[in-house]
Amino acid sequence: MDPSVGRHAARQTVMIAAFEGWNDAGGAASGALEHLTEVWEASLVRELDPEDYHDFQVNRPTITPGEDGRRVVAWPTTTVSVADLPDRRIVLVHGIEPSFRWRSFCEELLELADEMEVRTVVTLGALLADVPHTRPIPISATTESEGLQAVLDVEPSTYEGPTGIVGVLQHEAAARGFQSVSLWAAVPHYVANPPSPKATLAILARVEELVSAAVPLGDLAEDAEAWQLGVDELAGEDAEIAEYVHQLEEAKDAAELPEASGEAIAREFERYLRRRDPGTGRGGPGPAGSPEKG
């Protein structure tokens, strides 16, 4: 067991996981995880042995110079880092979707979650969708935990079909008694290449709400604005794409109320308070503040 676990037992612990590959359109989910690792100054505590989980002909190792100048082999792996916030402990899991032994992979991660006294597992994903880049990126939140459905006002998942490691990990977490929440960003399919800073920004805003902890944005807001302007320019150079984007905008606008809801205004105000004074721990109930896993 991590020797520091005992010192943090009184604090609520959340695991957040994202994986590159099929679950990560535009690199939005893995980009969010990397951003959290950086701004929360998370410390690496473990790397999973990739030998049992990865096909190295699909995800090849790389050779890089080491600190001493000697060349070293960097293997594709899953890293586990810990960020100690004022009233949260966040376990951050980042890797590549494994090629083999998904059940063993999830079991290893969830045993580690048990060891670190995690209460809630939050998985991040991104998918390609018919959405316009000029509108807010849609974020869906689902959970198999009935208690969280009421507390967080999120829906149970109704998806049926092929799934990735994100879906399997969320399902296995719920089966083991963890509270589990899955966040998905809808990335415009006509700009699928990473990075997708606007989608990453949208994921981070929802993470901030769920864990009731401020997420410093750094240059990400400016990157998202520059990304949108760049896509605007590309669309402006092609009449067919411009017309298609216009059709998506009309469909999106017709499906939503024109005025902001009171709930959306309240969420934005809570986010403002957290950024103004991160040490206050302000914020509504999220997974980290919900009852312990049963």
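Remember, it's a predicted structure, so these values are computed and weren't measured experimentally.

Notes on the pattern of salt bridges
In this structure the tally under the stated criterion is seven salt bridges. Here R135 makes a salt bridge to D253, at a shortest N to O gap of 2.8 Å. Here the residue R135 occupies a position in the loop between β7 (120-129) and β8 (139-143), and D253 occupies one in helix α7 (residues 239-254), the gap between them amounting to 118 residues. According to the relative accessible area criterion, D253 is partly exposed, its value standing at 38%. Each of R135, E249 and D253 takes part in one network of salt bridges that share partners.

Some remarks on the packing of aromatic side chains
This structure, assessed with the given rule, holds four aromatic pairs. Here the aromatic rings of F56 and W75 are separated by 4.9 Å at their centres, their planes lie at 55°, and the arrangement is tilted. Here the residue F56 occupies a position in the loop between β2 (43-47) and β3 (62-65), and W75 occupies one in the loop between β4 (71-74) and β5 (79-84), the gap between them amounting to 19 residues. Under the relative-accessibility criterion, W75 is labelled partly exposed at 45%. Each member of the aromatic cluster is reached from another via a ring pair, and the members are F19, Y53 and F105.

What about the nonpolar core?
As a rule of thumb, soluble globular proteins bury nonpolar side chains together. Grouped together as the largest cluster of nonpolar side chains are 37 residues, with contacts concentrated most on I16, W40, I90 and L124. For this core, the element with the most residues is helix α5 (residues 197-211), which contributes seven residues. Those residues in contact with I16, other than ones at most four positions away along the chain, are L33, L36, W40, I90, V91, L92, V93, V122, L124, V207 and V211.

Rules used in this analysis
Residues numbered from 1 in each chain as written. Predicted model: local features only at pLDDT ≥ 70, side-chain atom pairs only at ≥ 80, totals over all residues. Heavy atoms only, no water. Salt bridge = Lys/Arg side-chain N within 4 Å of Asp/Glu carboxyl O. Helix = DSSP H or I, 4+ residues; strand = E, 2+ residues; numbered from the N terminus. Buried < 20%, exposed > 50% of the residue type's maximum accessible area, 1.4 Å probe, protein only. Phe/Tyr/Trp six-rings, centres within 6.5 Å; stacked < 30°, edge-to-face > 60°. Core = buried A, V, L, I, M, F, W, Y, C linked by side-chain atoms within 4.5 Å. Contact = heavy atoms within 4.5 Å.

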